[in-house]
Amino acid sequence: MAILNILTEGDETLRKTSRKVEIINSRIHTLLDDMRETLIESGGVGLAAPQVGVLRRVVLVDNGEEILELINPEILETSGIQEDREGCLSCPNKWGIVKRPMKVKLRALDRFGKSQIYTATGLTARCFCHECDHLDGTLFLDKVERMLTPEELED
Ligand code: NI
């Protein structure tokens, strides 16, 4: 496994649309493994392949119990609304208030190519939306209600 370099805001790759994964081969498995190591090292809760320079529809989400590997994720249903602080490994030291659905139902392939359904609320639901946005070149900065000031970040 390897720790990958995380691209930061301003890098064009973050603004591109990622392609679907057609075949889950050893390269995708290596990508998942490397992204997992990179996510753990970063201390973040989610990571999308374009953030490590790979324009494929692959994301990882740490739901607090395990790191979910989501290939070709699709949001099927959302409900409710939550407004809370959000940041991104690609936008270091920036935090803002972003509105997201409170509950999200998502379908994705796992590393064995099996279709799985995940339902999440709160932070994990937020993370599902945030990471899926990365696959379409969207950053939380595009959706932010307002950015937090350094004083607000202290609490
Ligand atoms: Ni992000």
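Being a predicted model, the structure only gives us computed values, none of them experimental.

1. Quick word on the coordination of the nickel ion
Summarising the metal site, the nickel ion is bound by the protein donors Cys88 (SG), His130 (NE2) and His134 (NE2), whose distances to it range over 2.1 to 2.3 Å. Donor residues for the nickel ion, ordered by position in the chain, follow C-x41-H-x3-H. Of this pair, Cys88 sits in the loop between strand 4 (82-86) and strand 5 (96-100) while His130 sits in helix 2 (residues 122-135), and the two are 42 residues apart along the sequence. There is no split in this pair, since Cys88 and His130 are both buried.

2. Brief notes about the pairing of strand 7 (residues 115-121)
As defined by bridge partners, strand 6 (residues 103-109) adjoins strand 7 across 7 bridges and the pair is classed as antiparallel. Bridge pairing in strand 7 links Leu109 to Ser115. Counted along the chain from strand 6 to the antiparallel partner strand 7, the turn is 5 residues long, and its residue Gly113 has a positive phi close to 85°.

3. Observations regarding unusual backbone geometry
For Asn72, which is not glycine, the phi torsion reads 50° and is therefore positive. Here Asn72 lies in strand 3 (residues 67-79). Notably, Asn93 is not glycine yet its phi reads approximately 65°, a positive angle. One can find Asn93 in the loop between strand 4 and strand 5.

4. Considerations on the sheet that holds strand 8 (residues 146-147)
Two modes of strand pairing occur in sheets, parallel and antiparallel, and in both the strands are linked by backbone hydrogen bonds. Ordered by their spatial adjacency, 3 strands build an open sheet running 4-5-8, and the pairing between neighbours is antiparallel. Each edge of the sheet is formed by a strand with only one pairing partner; in this case those strands are strand 4 and strand 8. In terms of strand pairing, strand 4 meets strand 5 through 5 bridges, oriented antiparallel. Directly across from Glu83, in strand 5, lies its bridge partner Lys99.

The rules behind each value
Residue numbers restart at each chain and count upward from 1, following the sequence in its written direction. In keeping with the predicted nature of the model, local features appear solely for residues at pLDDT of at least 70, side-chain atom pairs appear and are counted solely at 80 or more, and the whole-chain, interface and lining totals rest on all residues. Hydrogens are left out, water is left out, and the side-chain values use all remaining heavy atoms of the structure. Coordination here is defined by N, O and S atoms within 2.8 Å of the metal (3.2 Å for Na, K and Ca), and since water is not considered, a site can look incomplete. Labels follow the DSSP assignment, with helices taken as runs of H or I lasting at least four residues and strands as runs of E lasting at least two, numbered in each case from the N terminus. Categorising residues by exposure relies on relative accessible area from a 1.4 Å probe, with only protein chains included: less than 20% of the type maximum marks a residue as buried, more than 50% marks it as exposed, and the intermediate range marks it as partly exposed. The pairing criterion is simple: DSSP has to find at least two bridges between the two strands.

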